[in-house]
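The primary structure of each chain is shown beneath.
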Amino acid sequence: MEKELGLDFIDDYNRNYLHGDLGQKRFAAKWGVSKNLIFANNLRGNRRSWFQMLNLPKKDSQLRSTVPGRDLPACECCGEEIPLDKAHWKEHEKGGPYKSYNLINLCPNCHRKLDRGDSEITHKCRKILLFREINNFNTKDYTEEKAETLLSICENIILERR
Ligand SMILES: [Zn+2]
């Protein structure tokens, strides 16, 4: 099945659904199938959905505990487990997009420091973002298009907040 669906699907799932801004419905529409076929936990007739077959990770919002105060995500910068802000790396006002490569989950304290231009926090956030985004990117199979995308993501991270 993995071969049939191809790595393109997994890559697309990671980039546009898991770390991107497509919801389940729009992502399924992109692949021309029903949302259930990709995401359902119990398809009829004991069939398994694609994300079950491929054992793909769930999105944060699917994982997040419904019990308040438990399993809070940690600040990517200091590790503090409190409700986090999604901080824009390239500022929203400057046209920074609401995309994984431009967002970093920070506690309010680190967020404030970042926006004040604290050099230590800025440097740390730059490293974290760059490391995370390169890891998230499937760099195994080179294509011009992917390399171009990766380059522009890295440039956004490296050149902003200088
Ligand atoms: Zn923090």
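It should be noted that the structure appears before, not after, this text.
Structure report, in brief. Nothing here was measured: the structure is a model prediction, and the numbers come from that model.

**Section: the overall build of the protein chain**
Here comes step 1: For the protein chain, the count of helices and strands is 8 helices and 2 strands.
Here comes step 2: Taken from the N to the C terminus, the helices and strands of the protein chain come in the order α-α-α-α-α-β-β-α-α-α.
Here comes step 3: Taking as baseline every contact in the protein chain between residues at least 6 positions apart, the subset at least 24 positions apart corresponds to 51%.

**Examining the pairing of strand β2 (residues 103-106)**
Along a regular strand, successive side chains alternate from one face of the sheet to the other.
Here comes step 1: Residues of β2 alternate between two faces, with I104 and L106 buried on one and L103 and N105 left unburied on the opposite face.
Here comes step 2: In this sheet, β2 lies alongside strand β1 (residues 85-88) in antiparallel orientation, the contact comprising 4 bridges. Across the sheet, residue H88 finds its bridge partner in β2, namely L103.

**Structural notes on helix α7 (residues 119-136)**
Because each turn of an α-helix spans 3.6 residues, side chains separated by three or four positions in sequence point in the same direction.
Here comes step 1: Counted at 1.5 Å a residue, the expected span for α7 with its 18 residues is 26 Å, and the 26 Å between its end C-alpha atoms agrees.
Here comes step 2: Lining the buried residues of α7 we find β2, α6 (108-116) and α8 (144-159).

**Description of the packing of α7 against α8**
Here comes step 1: It is the contact of α7 with α8, at a shortest axis distance of 9 Å, that shows an interaxial angle of 170°. Taken together, the axis directions place α7 and α8 in an arrangement best described as roughly antiparallel. Within the contact between the two elements, α7 uses R126, L129, L130 and E133 and α8 uses I153, C154, I157 and I158.
Here comes step 2: The residue inventory of the contact of α7 with α8, partitioned by class, reads 6 nonpolar, no polar and 2 charged.

**Focus on the packing of α6 against α7**
Here comes step 1: For the pair α6 and α7, the least separation of the axes is 8 Å and the interaxial angle reads 105°. As summarised for this structure, α6 and α7 are arranged roughly perpendicular, according to the angle between their axes. Two secondary-structure elements touch here, α6 through C110, K113 and L114 and α7 through I121, T122 and C125.
Here comes step 2: Its residues assigned to classes, the contact of α6 with α7 comprises 4 nonpolar, 1 polar and 1 charged.

**What to know about the nonpolar core**
Here comes step 1: Formed by 16 residues in total, the largest nonpolar core has its most connected members in C75, C77, I104, L106, C110, L114 and C125.
Here comes step 2: At the level of secondary structure, the elements contributing two or more residues to this core comprise β2, α6, α7 and α8.
Here comes step 3: A total of 3 residues in this core trace back to one element, the largest contributor, which is α7.
Here comes step 4: Once residues within four sequence positions are removed from consideration, C125 is found in contact with C77, I104 and L114.

**What to know about the environment of S100**
Here comes step 1: With respect to the secondary-structure elements, S100 resides in the loop between β1 and β2.
Here comes step 2: S100 gets classed as buried once you count the C-beta atoms within 10 Å, which come to 20.
Here comes step 3: Residues S100 and H88 lie 12 residues apart in sequence; the distance between their C-alpha atoms is 9.5 Å.
Here comes step 4: If we ignore the near neighbours within four places in the chain, the residues touching S100 are H19 and G20.

**Overview of the environment of N14**
Here comes step 1: Its location among the elements puts N14 in helix α1 (residues 2-18).
Here comes step 2: Taking the C-alpha atoms as reference, N14 lies 8.8 Å from L56; in sequence the two are 42 residues apart.

About the thresholds
- Residues numbered from 1 in each chain as written.
- Predicted model: local features only at pLDDT ≥ 70, side-chain atom pairs only at ≥ 80, totals over all residues.
- Helix = DSSP H or I, 4+ residues; strand = E, 2+ residues; numbered from the N terminus.
- Contact = placed C-beta atoms within 7 Å.
- Buried ≥ 20, exposed ≤ 12 C-beta atoms within 10 Å, placed from the backbone.
- Pairing = 2+ DSSP bridges.
- Expected span 1.5 Å × (residues − 1).
- Axes fitted to C-alpha atoms, helices over the stretch in contact; angles between N-to-C directions.
- Parallel < 35°, antiparallel > 145°, perpendicular 65-115°, else oblique.
- Nonpolar A, V, L, I, M, F, W, Y, C, P; charged D, E, K, R; others polar.
- Core = buried A, V, L, I, M, F, W, Y, C linked by C-beta atoms within 7 Å.

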